[in-house]
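# Survey of secondary and tertiary structure
Listed below, chain by chain, are the residues.
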Amino acid sequence: MQRARQLRRRVPERRRGGAAQGRTRGLARGLRLSLDPDRVLSGCARLSPDGPLALGFSGGGDSAALLHLLADLAARDARSLHALIVDHGLRSESAGEAERAAAAAEVAGATPRILRWETPRPGQAAARSARHRLLASACREIGANTLFLAHTLEDRVETLRMRLARPGGWRGFASMARLDPSPAWPEGRGLALARPLLDARRADLRAFLRDRGAGWIDDPSNVDARYERVRWRARLDPDDAANRRLLALSDAALRTDAAVRTCAAGLIADGARFEAWGGARLDAGVFAHADEAVALRAMETLVMAMSGEAGGPSPEQTAAMLDALASRRGHAAAGAMLTSEGVLGRDPGAAAGRADGTPGAPALRLSPGETGVFDGRFEIVAGADAVLIRAAGADGEAWDRRAPAPLRPGGACVAPDSRRDSAASCLDIDARVRFLGPERCAHLLLRKADRACLDADGCGDATPRTGEAGVNAHIVG
């Protein structure tokens, strides 16, 4: 922190467009500094006010600059700082690069941790998904509820240009907010992604590092023209008038998205009642009177919460599910099923497996005292017994009768691990089960300060009680 203040004392501030700008040693004469270290530190403290600090760290110039800024915050507030380094294993050099990044993080005062993707496969989408799962799991283990990422102004412009080149609606422009929910599920439940450098340019971050006498590691993939982002990067200038208009459009889209999310959360609170067996009873009349964009977002969120799947329904699937609710007819899509009575739950075929041999959700085994998540829908804490959790399947008729019959095979059966062959094995056991549907909705729609309206007390019986489907129960209903 003291070093950052020393840097700022040498940089005369000039306000333009609401952002603090200036000059620093290491920048070419005439260039304006887009990085205000004190302002970034204050923003980081607001985004993560307490607990361990966690950073997704590659060793590159962007994440190295944020590492040094977070190290100042950690020293000032006596907090631990963790540099989480993902080794995707897609190149032979990646292991050595991860080790060098870990060494650099340790020198800066952070505790490094290398996270290795054990089953690497090609494709940027697969790598991104694996990266977020690994980072989210590590944050949960160290007790961090915010993961800092070093995305810059250039990253934001590149992302917008890439989305502009593809078909899609306005939501494609509502990207890279300063605070977003982790896309990993269930690993990322309760985890926020924080991006405090969205106004900073890469050149200024490297100038900041040079001023400190700190280095960084250049990733060769950042200049590999096989990647779409790299091709855009080579020809983009954030100061270009068209890109400035694009950024303004994105700002407007982010504001609109925040409003839609907030209204969708209100619609769910008014028009959906979560139930401990893993479903939600929807009020078709309440949904019918909502704005279309709000109703679609609420339905999209509910489908994800009931299915437990990491990905969401397509716009077409969401619209079809909303139309089915209005028409009071059954419909299944994206791992969820809606009954004609307006009850939304897990698609039994997706949970228990389909007749064509498509497998369902894998069984979950827990040792005494261990915690796990089954099918992205239920968090189970084993008590004194080891337990096996599986989809109810053919045993669904023995399930809690509050669930509609068509949805019962998608329920979760919790049994002693040594007795797994029939419904008779689902005896009372010492295990606590919690339906994650309300938490998933809050995770997707609300920021940390606004989640109270979707807690268990405000959304029906979301936490099972003894004698119904909770502690010492055998079937989650």
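Residues numbered from 1 in each chain as written. Predicted model: local features only at pLDDT ≥ 70, side-chain atom pairs only at ≥ 80, totals over all residues. Heavy atoms only, no water.

### Re the environment of Leu247
- Relative to the elements of secondary structure, Leu247 occurs in helix 9 (residues 241–271).
- As a C-alpha pair, Leu247 and Leu160 span 87 residues in sequence and 8.0 Å in three-dimensional space.
- Those residues in contact with Leu247, other than ones at most four positions away along the chain, are Leu153, Arg156, Val157 and Leu160. (Helix = DSSP H or I, 4+ residues; strand = E, 2+ residues; numbered from the N terminus. Contact = heavy atoms within 4.5 Å.)

### Focus: the sheet that holds strand 19 (residues 431–435)
- Pairing is antiparallel in the open sheet, where three strands are placed in the order 15-16-19. The open sheet has two edge strands with one neighbour each: strand 15 (371–374) and strand 19. Each strand of the sheet is rotated relative to its neighbour by a mean of 20 degrees, with strand direction disregarded. (Pairing = 2+ DSSP bridges. Axes fitted to C-alpha atoms, helices over the stretch in contact; angles between N-to-C directions.)

### Remarks on the packing of helix 3 (residues 61–77) against helix 7 (residues 202–212)
- At a minimum axis distance of 9 Å, the contact between helix 3 and helix 7 shows a crossing angle of 55 degrees. In terms of their interaxial angle, helix 3 and helix 7 are classed as oblique. Helix 3 and helix 7 meet at a crossing whose hand is left-handed. Side by side, helix 3 and helix 7 meet where Gly61, Asp62, Ala64, Ala65, His68, Leu69 and Asp72 of the first sit next to Arg202, Leu205, Arg206, Phe208, Leu209 and Arg212 of the second.
- Residue composition of the contact of helix 3 with helix 7, grouped by class: six nonpolar, two polar and five charged. (Parallel < 35°, antiparallel > 145°, perpendicular 65-115°, else oblique. Left-handed = near helix turned anticlockwise from the far one by under 90°. Nonpolar A, V, L, I, M, F, W, Y, C, P; charged D, E, K, R; others polar.)

### Structural notes on unusual backbone geometry
- Cis geometry is found at the peptide bond from Trp185 to Pro186, where omega equals 5 degrees.
- In this structure, Ala78 is a non-glycine residue whose phi angle is positive, near 55 degrees.
- With respect to the element layout, Ala78 can be found in the loop between helix 3 and strand 4 (81–87).
- By relative accessible area, Ala78 is classed as exposed at 71%.
- In this structure, Arg328 takes a positive phi of about 55 degrees despite not being glycine.
- You can see Arg328 is positioned in the loop between helix 12 (315–327) and strand 11 (331–333).
- We classify Arg328 as exposed; its relative accessible area is 56%. (Buried < 20%, exposed > 50% of the residue type's maximum accessible area, 1.4 Å probe, protein only.)

### Some remarks on the UniProt feature "binding site: ATP" (unreviewed entry) in the chain
- Per the UniProt record, "binding site: ATP" (unreviewed entry) is found at Ser58, Gly59, Gly60, Gly61, Asp62 and Ser63.
- With respect to the element layout, Gly59 can be found in the loop between strand 3 (53–56) and helix 3.
- Exposure remark for Gly59: the relative accessible area of 3% places this residue in the buried category.
- Non-local contacts of Gly59, meaning those with residues more than four positions away in its chain, are made with Ala64, Ala101, Trp216 and Ile217.
- Along the chain, Asp62 falls in helix 3.
- Owing to a relative accessible area of 13%, Asp62 belongs among the buried residues under this scheme.
- Those residues in contact with Asp62, other than ones at most four positions away along the chain, are Ala150, Thr152, Asp155, Leu197, Arg202, Leu205 and Arg206. (UniProt positions renumbered as here; feature names shortened; annotations may be inferred.)

### Quick look at the nonpolar core
- Grouped together as the largest cluster of nonpolar side chains are 46 residues, with contacts concentrated most on Leu282, Leu302, Leu344, Phe374 and Ile389.
- The residues that make up this core include at least three from each of domain 2 (252–352) and domain 3 (364–436).
- Core analysis: the second largest hydrophobic core is formed by 36 residues, Cys44, Ala65, Leu81 and Ala101 among them. (Core = buried A, V, L, I, M, F, W, Y, C linked by side-chain atoms within 4.5 Å. Domains from an automatic or database assignment.)

### Thoughts on the confidence of the model for the chain
- With 79% of its residues at a pLDDT of at least 70, the chain reaches an overall mean of 82.
- Contacts of residues 1–32 to residues separated by more than four positions or lying in other chains number 69 contacts, the stretch itself having pLDDT below 50.
- Confidence drops under pLDDT 50 across residues 449–477; counting only partners more than four residues distant or on other chains, this segment forms 80 contacts. (pLDDT = per-residue confidence, 0-100.)

### Quick look at the packing of aromatic side chains
- For the structure on display, the rule yields two aromatic pairs.
- Aromatic pair Phe378 and Phe435: ring centres 5.7 Å apart, planes at 45 degrees, arrangement tilted. With a gap of 57 residues between them, Phe378 in strand 16 (residues 378–382) and Phe435 in strand 19 connect regions that are remote in the sequence. Summarising the burial analysis for this pair, Phe378 and Phe435 share the class buried.
- Grouped by ring-pair contacts, the aromatic residues Phe274, Phe378 and Phe435 constitute a single cluster.
- For the cation-ring pair, Arg206 lies above Trp216, with the distance from its terminal atom to the ring centre recorded as 5.8 Å. (Phe/Tyr/Trp six-rings, centres within 6.5 Å; stacked < 30°, edge-to-face > 60°. Lys NZ or Arg CZ within 6 Å of the ring centre and 35° of its normal.)

### Some details on the side chain of Glu300
- Its place among the elements puts Glu300 in helix 11 (residues 292–307).
- In contact with Glu300, other than residues within four places in its own chain, are Arg171, Pro313 and Thr318.

### A few points about helix 11
- For helix 11, spanning 16 residues, the distance from its first C-alpha to its last is 22 Å, which sits close to the expected 22 Å at 1.5 Å a residue.
- Most of helix 11 is tucked away, with 13 of its 16 residues classed as buried.
- You can read the cap of helix 11 off the contacts: a side-chain oxygen lies 3.0 Å from the backbone nitrogen of Ala293, and it is on Asp291.
- Remark: Gly308 follows helix 11 within two positions and exhibits a positive phi of approximately 75 degrees. (Expected span 1.5 Å × (residues − 1). Polar contact = N/O pair within 3.5 Å; in protein donor to acceptor, adjacent residues only side chain to side chain.)

### Description of the side chain of Arg202
- The residue Arg202 is located in helix 7 in this model.
- Under the relative-accessibility criterion, Arg202 is labelled buried at 13%.
- Of note is the side chain of Arg202, whose polar atom sits 2.8 Å from the side chain of Asp155.

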